[in-house]
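An overview of the molecular structure
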Amino acid sequence: MTNKSTTSITRTSELIILDDQQREELLELGKLRWGLDEIATFFGWDRHVLKKELESPDSEVSRILRRGELQGQYEIESRLFNDAKGGNLSAVKEFKDIMRDRSFKHTKLDLFGA
């Protein structure tokens, strides 16, 4: 099935099949941490079908979005780290805050589970 937007999808058994351009766009949207409604609207996908895809951590859509989130996080934190090493005091503070929050998150997961 082809939609009217500039990108198209094929649905097989209500699953989203991505083409190469959509994979690239989805990776970028993951970096920006777009939400379900925004992504569904952007691609012209059915919101409920996308939600099903995202509920399965092994689906291609879910994996690409997660990889995008992590790549975006890496890019920001890497730049902050380099700025902090170079003496940028606001970058030092922001980087410390990120590390503190991450440490707290991991400690909480260790204590209480996922």
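Conventions used here
Residues numbered from 1 in each chain as written. Predicted model: local features only at pLDDT ≥ 70, side-chain atom pairs only at ≥ 80, totals over all residues. Heavy atoms only, no water. Axes fitted to C-alpha atoms, helices over the stretch in contact; angles between N-to-C directions. Helix = DSSP H or I, 4+ residues; strand = E, 2+ residues; numbered from the N terminus. Parallel < 35°, antiparallel > 145°, perpendicular 65-115°, else oblique. Contact = heavy atoms within 4.5 Å. Nonpolar A, V, L, I, M, F, W, Y, C, P; charged D, E, K, R; others polar. Salt bridge = Lys/Arg side-chain N within 4 Å of Asp/Glu carboxyl O. Buried < 20%, exposed > 50% of the residue type's maximum accessible area, 1.4 Å probe, protein only. pLDDT = per-residue confidence, 0-100.

The next thing to look at is the packing of helix α3 (residues 47-55) against helix α4 (residues 60-85). For the pair α3 and α4, the least separation of the axes is 7 Å and the interaxial angle reads 70 degrees. By the angle between their directions, the pair α3 and α4 is classed as roughly perpendicular. Of the residues in α4, those touching α3 at Leu-50, Glu-53 and Leu-54 are Val-61, Ser-62 and Leu-65. Here the contact of α3 with α4 is built from residues that sort into 4 nonpolar, 1 polar and 1 charged.

Think of it this way: side chains of opposite charge can pair up when their charged atoms draw near. Under the defined criterion, the tally for this structure stands at 11 salt bridges. When the shortest N-O distance is used, the salt bridge between Asp-20 and Arg-23 registers 3.0 Å. Linking Asp-20 with Arg-23, this pair stays in helix α1 (residues 20-31), spanning 3 residues, or about one helical turn. On the accessibility criterion, Arg-23 (28% relative accessible area) is partly exposed. Salt bridges sharing common partners tie together Lys-93, Asp-97, Arg-100 and Asp-101.

So, about the confidence of the model for the protein. For the protein, the mean per-residue pLDDT works out to 88, and 87% of the residues sit at or above 70. Confidence drops under a pLDDT of 50 for residues 1-13, and excluding neighbours within four residues, the segment shows 27 contacts in the predicted structure.

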